[in-house]
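Notes for the structure review
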Amino acid sequence: MIARDKLAEIENAAAAESAPPAENAAVAESAPPEPTANLMSLTPRQIVAELDRYIISQDAAKKAVAIALRNRWRRRQVEGDLREEILPNNIIMIGPTGVGKTEIARRLARLAGAPFLKVEASKFTEVGYVGRDVESMVRDLVEISINMVRGEREDEHRETAVERVEERLLDLLLPPVAEERPAASEEDGATRKFVVGRSGIAEEEAEDELQNRRRRTREKLRGLLRDGKLEEREVEVEMTESSVPMLDLQGPGMDGLDWNLGEMLQDMLPKKTRRRRMSVAEARRVLLSEELDKLIDMEEVIDDALDRVENMGIIFLDELDKIAGGRGGVGPDVSREGVQRDLLPIVEGSTVQTRYGMVVTDHVLFIAAGAFHTVKPSDLIPELQGRFPIRVELRSLDEDDFVRILCEPENALLTQYRALVATDGMDLEFTEEAIRELARIASDVNQRMENIGARRLQTVLTTLLEDVMFDLPDSGGEKLTIDDAFVRERLAEIAEDEDLRRYIL
Ligand SMILES: Nc1ncnc2c1ncn2[C@@H]1O[C@H](COP(=O)(O)OP(=O)(O)OP(=O)(O)O)[C@@H](O)[C@H]1O
Ligand SMILES: [Mg+2]
């Protein structure tokens, strides 16, 4: 039985620490789960409307991706064999840098709740050469999908897990004594018991009295735990640990073997447990992941994840133009064409072996993108051109677009800056003329130097607000209004001077 001295000691400590008033409770909070409503069934119009919330103009591209996404849903509704015949409408988005190609694809994936992978086509090299083989993108997409599904399951189970962790932490703080008590006393709570006190005189205490005390202590500790008062307290946690260090077998040409040998060995060898002392805060993390592991059925997660990859997966193949061109040439060009050839089966649909099982890529949606300045889509090998039947052009953005991009999207740059500045207690305002002036300068610099599209707004704004961001929160005041005079004063000189422009904006 746990010494009563010990119990008293814990009680005292509990009382001492409960003295200061309880403030901000540091209970492990579960993040509010993302809305998991099935957005797969959005109509093309609704999809475009959703994209409009973040991306200005580029209507043709929005329309094309909306149709492609909807066609997937339509395909799922088709009965029988015909369904397997219907292939996704892979898309090539053509347009200069910084006009929203990646942004459209990323938002689309988020809308669809689809596993989404962005890769640069130029990363891949022909089979047999040093570099990544194209199948690795499917394996990466599977990993992303598993993380996504697992994340959703974690959100579903988090509440239960947090409750269990609390009980386990309390067990660690005040170890249970059940196994040391005579079994009979469980049912027969009133059994009297003689305890020899320190004085040597037989003391008599009702067992249930002791139990009540323990229960009260436990509840006191629970209160302290929830108030975050015990975070630094040390506890001893039993941890299972892997006896084999992770073997990293990744290397050139090893991509196909990436079901990690180390991991397999770990599953085969007996698990070692080790007791480790750590703070309550750390223990909470360790125990939470243990409890979540117990609650989540990984087999089911993997099944679901593979299904999502096959039916909803989106692979965004950036810089497709970098592997185009140079047909029949020598040197690196051979490799470019080789990569295109390697891409064919994956884009067309093939079965890729992953460490979690086979994945059929027939219905994975591929969205390729590239500037296609010097090469044209027609410089791709004909077979690959055929796999991307839809071409959309994104136009370069002008001053009017910039005005809108600065203000309208839900994550608009000005909104972001306003939020940042507000954390230092300052209200940041931009006049209409100031916004117009910013857009004009950004567009002007784009024309006179390299056109980097909407990314130019970032550099222009950063320069404009450098001093403001530096002086906060010391500058005092509650409201700062940026007008066109301020913008001109800060930026005109830089925008006019070619050398300054080149390095600063
Ligand atoms: N039409 C637009 N509407 C709103 N924001 C945009 C638009 N175009 C670009 N942006 C913003 O500019 C940034 C760069 O855009 P994005 O990543 O989509 O460029 P990209 O077209 O993929 O260029 P690259 O060819 O260099 O990859 C993003 O952060 C995005 O928010
Ligand atoms: Mg991009």
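Residues numbered from 1 in each chain as written. Chains lettered and ligands numbered in written order. Predicted model: local features only at pLDDT ≥ 70, side-chain atom pairs only at ≥ 80, totals over all residues.

Before going further, it helps to examine the site of ligand 1. Around ligand 1, 18 residues are found, and the nearest of them are Thr97, Gly100, Lys101, Thr102 and Glu103. Mapped onto the domain boundaries, the shell around ligand 1 takes at least three residues apiece from domain 1 (1-17 + 29-226 + 298-396) and domain 2 (399-504). (Near = placed C-beta within 6 Å. Domains from an automatic or database assignment.)

Moving on, we get to the packing of helix H14 (residues 399-407) against helix H16 (residues 432-448). Contact geometry for H14 and H16: axes closest at 8 Å, N-to-C directions at 125°. Classified by the angle between their axes, H14 and H16 sit oblique to one another. With respect to the hand of their crossing, H14 and H16 are arranged in right-handed fashion. Of the residues in H16, those in contact with Glu399, Phe402, Val403, Leu406 and Cys407 of H14 are Ile435, Arg436, Leu438, Ala439, Arg440, Ala442 and Ser443. (Axes fitted to C-alpha atoms, helices over the stretch in contact; angles between N-to-C directions. Helix = DSSP H or I, 4+ residues; strand = E, 2+ residues; numbered from the N terminus. Parallel < 35°, antiparallel > 145°, perpendicular 65-115°, else oblique. Left-handed = near helix turned anticlockwise from the far one by under 90°. Contact = placed C-beta atoms within 7 Å.)

Taken as a whole, the protein shows an average pLDDT of 81; of its residues, 77% reach a score of 70 or greater. Within the protein, the lowest mean pLDDT, 44, falls on helix H7 (residues 184-187), and the highest, 95, falls on H14. Taken as a whole, residues 179-192 scores under 50 in pLDDT and shows 12 contacts with residues more than four places along the chain or in a different chain. Considering only residues more than four positions removed or in separate chains, one finds that residues 247-258, a stretch of pLDDT under 50, has 15 contacts. (pLDDT = per-residue confidence, 0-100.)

Our focus in this paragraph is the environment of Gly453. Positionally, Gly453 belongs in the loop between H16 and helix H17 (455-471). In this structure, the C-alpha to C-alpha distance between Gly453 and Ala442, residues 11 residues apart in sequence, is 8.8 Å. Those residues in contact with Gly453, other than ones at most four positions away along the chain, are Pro96, Thr97, Gly98, Val99, Ser396 and Leu397.

Turning to the sheet that holds strand S1 (residues 91-94), a few remarks are in order. The 5 strands are arranged S2-S7-S10-S1-S11 in an open sheet whose pairing can be described as parallel. Edge positions in the sheet fall to strand S2 (116-120) and strand S11 (390-393), since each has one partner strand and no second. Geometrically, the sheet is characterised by an average inter-axis angle of 20° between neighbouring strands, direction not taken into account. Where S1 and S11 come together, 4 bridges link them in parallel fashion. By the bridge assignment for S11, Met93 is matched with Val392. The sheet contacts of helix H3 (residues 59-77) involve S1, strand S10 (365-370) and S11, and relative to S11 the element is tilted by about 150°. The strands touched by helix H5 (residues 101-112) within the sheet are S1, S2, strand S7 (314-318) and S10, with S7 carrying the most contacts at an inclination of about 170°. (Pairing = 2+ DSSP bridges.)

In terms of nonpolar packing, the biggest core is built from 85 residues, with Val65 and Ile367 touching the most fellow members. Formed jointly, this core draws a minimum of three residues from each of two domains, domain 1 (1-17 + 29-226 + 298-396) and domain 2 (399-504). For Ile367, the contacting residues outside a window of four places in its chain are Val65, Ile91, Met93, Ala105, Ile314 and Phe316. With 14 residues, the next largest nonpolar core counts Leu174, Leu224, Leu225 and Leu287 among its residues. (Core = buried A, V, L, I, M, F, W, Y, C linked by C-beta atoms within 7 Å. Buried ≥ 20, exposed ≤ 12 C-beta atoms within 10 Å, placed from the backbone.)

Here we come to the pairing of S1. With burial as the criterion, each face of S1 is covered, one bearing Ile91 and Met93 and the other bearing Ile92 and Ile94. Direction of pairing for S1 relative to S10: parallel, over a ladder of 4 bridges. Counterpart to Ile91 in the pairing with S10 is Ile367.

Taking 1.5 Å of rise per residue, the 38 residues of helix H6 (residues 136-173) would be expected to cover 56 Å, yet its terminal C-alpha atoms sit only 47 Å apart, more than 12% below that figure. Roughly 55° is the biggest bend found in H6, and it falls at His157. (Expected span 1.5 Å × (residues − 1). Bend = angle between axes of the 7 residues up to and from the residue.)

So, about the environment of Arg391. Looking at where Arg391 falls in the secondary structure, it is placed in strand S11. Look at Arg391 and you get partly exposed, because 15 C-beta atoms sit within 10 Å. Taking the C-alpha atoms as reference points, Arg391 and Ile91, 300 residues apart in sequence, are found 5.8 Å from one another. Aside from chain neighbours lying at most four places away, what touches Arg391 is Ile92, Ile94 and Pro377.

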